[in-house]
Amino acid sequence: MSGPPAASPVAADTPAIVTNGLTKRFGRSGARAAVDGLDLVVPRGSVFGFLGPNGSGKTTTIRMLLGLAAPTAGDMRVLGVDLRRGARALQEVLPRVGALVEGPAFAPFLSGAANLARFDAADPTSTRATRRDRVHTALDRVGLGAAAGKRAGAYSLGMKQRLGLAAALLGPRELLVLDEPTNGLDPQGTREVRSLIRSLAADGTTVFLSSHLLSEIEQVCTHVAVMRSGRLVTSGPLDRLRAEGAPRVRVRTPDAERAISTLRRLGLETERTSADELDAVLRPGTPVEAVTAALVSDGVRVRGIAVGGASLEERFVELTGEGFDVDG
Amino acid sequence: MSTADTSPPPPAATASHRRPFALLGSELATMFRRGRTIVMLVALLLVPVLIAVAVRLTGAGSRGRGPAFLGDITDNGLFVVFTALTVSIPLFLPLTVAVVSGDTIAGEASFGTLRYLLLAPVGRVRLLAVKFVASCAFVVAAVLAIVIGGVVAGAALFPIGPVTLLSGDTIGVGEASVRVLLLAGYAAVSLLGLCAIGLFISTLTSMPVGAMAATVVIAGVSQVLDQLPQFDAIHPYLPTHLWLGFADLLRSPILFDSYGQNLLLQLAYVVVFGGFAIGRFTTKDILS
């Protein structure tokens, strides 16, 4: 990054992405709709989780948003630019967008740094004088500084993923589109990517994060949209989706057995989620403080207690159907 | 932020218009750093060396046997270049050109780098143009490899002296060198059409090997058709028809008719297949 993002020519309240009736059909007769009438609004500055099982149309949507594939119907605005204007619109908007789509990709015979320099040279708005610095800043930012001169073909899966992220960070970006960014990363790498996304978001970059991993979305996103079979099933702030389910209380205790009987006595549907953790559905009239008091008076050693919405996982499965079956 | 609505574009955007060839430099560096490119150029360089060594070891043999000019090599090392070009034009040169031009788009697609170049955003027509020019640069490098190999091997193993032309005239080494370069230019021009054909085929697939093979097959089929009198009517339009029509360059005075015809024919192929490539590539969904 050569500095803070340049003043955006688009008003801050213009959504980063808007689609209307976005549709993509494949096949000779156009029988199969990979994306079917998608209406999506991604607010500026949000970390937007785009969630759905494999084959639900996430990547096809991203391809259309980035001009790699043409929609069969509908229209899109990215950073306020109407993509119906075609190639010219893409030339205008894409330099402001960093993307990692369907995994990283590189010429294996070039070094990591040379690969990044090549992508940068392909951007007609990039400045050659700052290329070297930007490439190395991007590499350092993803922890690849030491491997900059190594052939990309010799990188491990995790290093390739990091290199892909570095490619998305070559310039100041207003929007980052990250398709499964933590694929192939070890837990340490996953944490680093998460904190990278947070720091980018803190700089005001809108992050559009597609994933089939709920935990990933849950930990970094402010907003979420859920896809199923090419259609949007829900979309909005993460908190709202969470709140749509019944509130729950989670109790951590070494006295699980005793706690279960206390919670059941209060009439709460309780489930033991691990050796020392319980999950119960709160009922109206039984606030969490009443639960705490009851547990303590029964001599349960409470090590932790937390209130939350229905676990997002439950909501997700509810919305997308059981299992992660690939949609035909 | 809304006050920034009318802010001018960043200075970088205007700077790029002054450097339309910025990407070409990167592309050429990528191509010529690639092991495969270097191997092909070395192989082409070895064609004249092999010929020179073979002739040196076994003698010229009788004139009229083997490829054109072979019998002249013992008298004059410059004929190594002529022989090597004549031998390479039907097969070796088109083969390497097919590898490079067939790889242009399909190779990027198979690596997956095509999508990242387009996201940069390279611009689809600009990418095709850069890839085509880079293929042409390879053609020039390939022909030069043969010329350099031929001159070095010829000079090392045989005397270099005045050259007797097909018309019977004799020219000095200086003028003969000009003829060598003219002939090299002719060979390079001959391959421009094939570059465009390869580029177009490369936009049809994400399997570079398929595109390379198809391009070689086209060069081969065209040469076969050119041999069959039944196809007389289409002979003048075959991309390979004038590939060996450089004899006029070895007469005195030089006749540039076939040179011009060949250039025109090749340019026609560049326009037509370049147009196909643009038509195909600018409307294609990139799903690789």
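The model shown is predicted, which means the values in this text are computed figures rather than measured ones. As a convention, each chain's residues are numbered from 1 in the sequence order in which they are written. To label them, take the chains in the order written and letter them from A, then take the ligands in the order written and number them from 1. Given that the model is predicted, a residue must reach a pLDDT of at least 70 before its local features are reported, and side-chain atom pairs must reach 80 or more before they are shown or counted; all residues, however, enter totals for whole chains, interfaces and linings. Excluding hydrogens and water, the side-chain values take into account all heavy atoms of the structure.

Trainee: Describe a nonpolar patch on the surface, listing the residues and the values that go with them.
Mentor: Patch definition: residues with relative accessible area over 30% and no salt bridge; like charges joined within 9 Å; nonpolar side chains (Val, Leu, Ile, Met, Phe, Trp, Tyr) joined within 5 Å. Each accessible area is a Shrake-Rupley result for a 1.4 Å probe, and residues are judged covered by the shown protein chains and nothing else. A carboxyl oxygen of Asp or Glu within 4 Å of a side-chain nitrogen of Lys or Arg is what we treat as a salt bridge. Among the surface-exposed residues, B:Val224, B:Leu228, B:Phe231, B:Ile234 and B:Tyr237 lie close enough to one another that they form a single nonpolar patch of about 450 Å² accessible area. Elements are defined by DSSP. Helices are runs of H or I of four residues or more, strands are runs of E of two residues or more, and each kind is numbered from the N terminus. With respect to the helices and strands, B:Ile234 occurs in the loop between α10 (208-227) and α11 (257-281).

Trainee: How would you summarise the nonpolar core if you had to cite specific residues and measurements?
Mentor: Nonpolar core, defined: a set of buried Ala, Val, Leu, Ile, Met, Phe, Trp, Tyr and Cys residues in which side-chain atoms within 4.5 Å join the residues together. Think of it in three bands: residues with accessible area under 20% of the maximum for their type are buried, residues over 50% are exposed, and the middle band is partly exposed, with areas taken using a 1.4 Å probe on protein chains only. Judged by nonpolar contacts, the single largest core of 167 residues is most densely connected at A:Leu66, A:Leu139, A:Leu175 and A:Phe208. The element best represented in this core is helix α7 (residues 124-157) of chain B, accounting for 15 residues. With residues near it in sequence (within four places) discarded, A:Leu139 still touches A:Ala113, A:Leu116, A:Leu144, A:Gly145, A:Ala148, A:Leu163 and A:Ala166. Counting residues in each nonpolar core, the second largest holds 13 residues, with A:Ala256, A:Ile260, A:Leu282 and A:Leu295 among its members. Contacts are assigned to residue pairs with any non-hydrogen atoms lying within 4.5 Å of each other.

Trainee: How would you explain the domain arrangement of chain A if you had to name every residue and give the values?
Mentor: Each assigned domain of chain A is listed with its residue range as follows: domain 1 (17-237) and domain 2 (246-308). The straight-line distance from the C-alpha centre of domain 1 of chain A to that of domain 2 of chain A is 41 Å. Where each domain starts and ends follows an automatic or database-derived domain assignment.

Trainee: I'd love a proper account of the sheet that holds strand β10 (residues 231-237) of chain A, names of residues and values included.
Mentor: All names here are of chain A. A pair of strands counts as paired when DSSP detects no fewer than two bridges linking them. If you trace the six strands from one edge of the open sheet to the other, you get β6-β7-β8-β3-β9-β10, paired in mixed fashion. Each edge of the sheet is formed by a strand with only one pairing partner; in this case those strands are β6 (97-100) and β10. Put simply, the sheet's adjacent strands are angled 10° from each other on average, direction ignored. Where β6 lies against strand β7 (residues 175-179), four bridges are found, and the strand directions are parallel. Bridge pairing links alanine 99 to valine 177 in β7. Convention adopted: a line fitted to C-alpha atoms gives each axis, helices being fitted over their contacting stretch, and angles between N-to-C directions are expressed from 0 to 180 degrees. Where helix α11 (residues 312-320) meets the sheet, its contacts fall on β3 (47-51), β9 (223-228) and β10, and the angle it forms with β9 comes to roughly 35°.

Trainee: Before we move on, could you go through the pattern of salt bridges and cite the residues and values that matter?
Mentor: All names here are of chain A. Tallied over the full model, the rule gives 26 salt bridges over all chains. Notably, a salt bridge pairs glutamate 192 with arginine 162, separated by 3.0 Å at the nearest N-O pair. Here the residue glutamate 192 occupies a position in helix α6 (residues 187-202), and arginine 162 occupies one in helix α5 (residues 157-168), the gap between them amounting to 30 residues. Judged by its relative accessible area of 15%, arginine 162 falls in the buried class. In this structure, a network of salt bridges that share partners links the residues Asp75, Arg77, Asp82 and Arg84.

Trainee: Describe unusual backbone geometry, listing the residues and the values that go with them.
Mentor: Residue B:Pro121 is reached from B:Ala120 by a cis peptide bond, and omega for that bond is 0°. Topologically, B:Pro121 is positioned in the loop between α6 (113-119) and α7. In this structure, the amide linkage connecting B:Ser252 to the following residue, B:Pro253, adopts the cis form with an omega of 0°. Mapping B:Pro253 onto the fold places it in the loop between α10 and α11. The phi dihedral of A:Leu79 is positive, around 50°, even though this residue is not glycine. Topologically, A:Leu79 is positioned in the loop between β4 (73-78) and β5 (81-82).

Trainee: Can you lay out the side chain of B:His235 for me, pointing to particular residues and giving the numbers?
Mentor: Within the secondary structure, B:His235 is located in the loop between α10 and α11. Of the polar contacts made by the side chain of B:His235, one reaches the backbone oxygen of B:Leu225; its length is 2.7 Å. Under the rule applied, a polar contact is a pair of N or O atoms within 3.5 Å (in protein, one hydrogen donor and one hydrogen acceptor; residues adjacent in sequence only if both atoms are side-chain atoms).

Trainee: Lay out the confidence of the model for chain B with the relevant residues and their values.
Mentor: Residues and elements named next belong to chain B. Of all residues in chain B, 91% have pLDDT values of 70 or greater, and the mean over the chain is 89. At the level of individual helices and strands, chain B shows its lowest average pLDDT in helix α1 (residues 11-17), which scores 44, and its highest in helix α9 (residues 192-202), which scores 98. What pLDDT expresses is the predictor's confidence in each residue, scored from 0 to 100. Throughout residues 1-18 the model reports pLDDT below 50, and contacts reaching past four residues in sequence, or to other chains, amount to 16 contacts. This complex was scored by the predictor with a pTM of 0.85 and an ipTM of 0.87.

Trainee: Give me α9(B): which residues, what numbers.
Mentor: Burial analysis of α9(B) places eleven of its eleven residues in the buried class, which makes it a mostly covered element. Residues of α9(B) that are buried: B:Leu192, B:Gly193, B:Leu194, B:Cys195, B:Ala196, B:Ile197, B:Gly198, B:Leu199, B:Phe200, B:Ile201 and B:Ser202.

Trainee: Can you tell me about the pairing of β4(A), naming the residues and giving the values?
Mentor: Residue and element names in this part refer to chain A. The sheet contact formed by strand β1 (residues 17-26) and β4 spans five bridges and is antiparallel. Paired with threonine 19 across the strands is methionine 76, a residue of β4. Once β4 ends, the chain turns through two residues before running back antiparallel as β5, passing leucine 79 with a positive phi of about 50°.

Trainee: Tell me about the state of the cysteines, residues and numbers included.
Mentor: We call a pair of cysteine sulfur atoms a disulfide when they lie within 2.5 Å. In total, this model carries zero disulfides over all chains according to the counting rule given. For B:Cys195, which is in no disulfide, the shortest distance to another cysteine sulfur is to B:Cys136 and amounts to 4.6 Å.

Trainee: Got a sec to walk through the environment of A:Arg231? Specific residues and values, please.
Mentor: Residue and element names in this part refer to chain A. Note on placement: arginine 231 falls in strand β10. Distance from arginine 231 to lysine 58, taken between C-alpha atoms, is 9.7 Å for residues 173 residues apart in sequence. Contacts of arginine 231, omitting those with residues within four sequence positions, involve Asp36 and Val226.

Trainee: Requested: an account of the packing of aromatic side chains, with residues and values cited.
Mentor: Stacked, edge-to-face and tilted labels apply to pairs of Phe, Tyr and Trp rings (six-membered ring for Trp) whose centres lie within 6.5 Å, assigned for plane angles under 30 degrees, over 60, and everything in between, in that order. In the structure shown here, the tally under the stated rule is 13 aromatic pairs over all chains. Their ring planes at 45° and their centres at 5.8 Å tell us that A:Phe119 and B:Tyr116 sit as a pair that is tilted. Separated into two different chains, A:Phe119 in helix α3 (residues 112-122) and B:Tyr116 in helix α6 make up a pair that spans both. Taken together, a centroid distance of 6.1 Å and an interplanar angle of 75° make the contact between B:Tyr186 and B:Phe246 edge-to-face. Linking B:Tyr186 in helix α8 (residues 173-190) with B:Phe246 in the loop between α10 and α11, this pair joins segments that are 60 residues apart in sequence. Residues B:Tyr186 and B:Phe246 agree in their burial class; the two are buried. Taken together, the ring pairs in this structure connect B:Tyr186, B:Phe246, B:Phe256 and B:Tyr259 into an aromatic cluster. The cationic tip of B:Arg124 hangs over the ring face of B:Phe281; the distance from NZ or CZ to the ring centre is 5.8 Å. Charge over a ring is defined by NZ of Lys or CZ of Arg lying within 6 Å of the ring centre and within 35 degrees of the ring normal.

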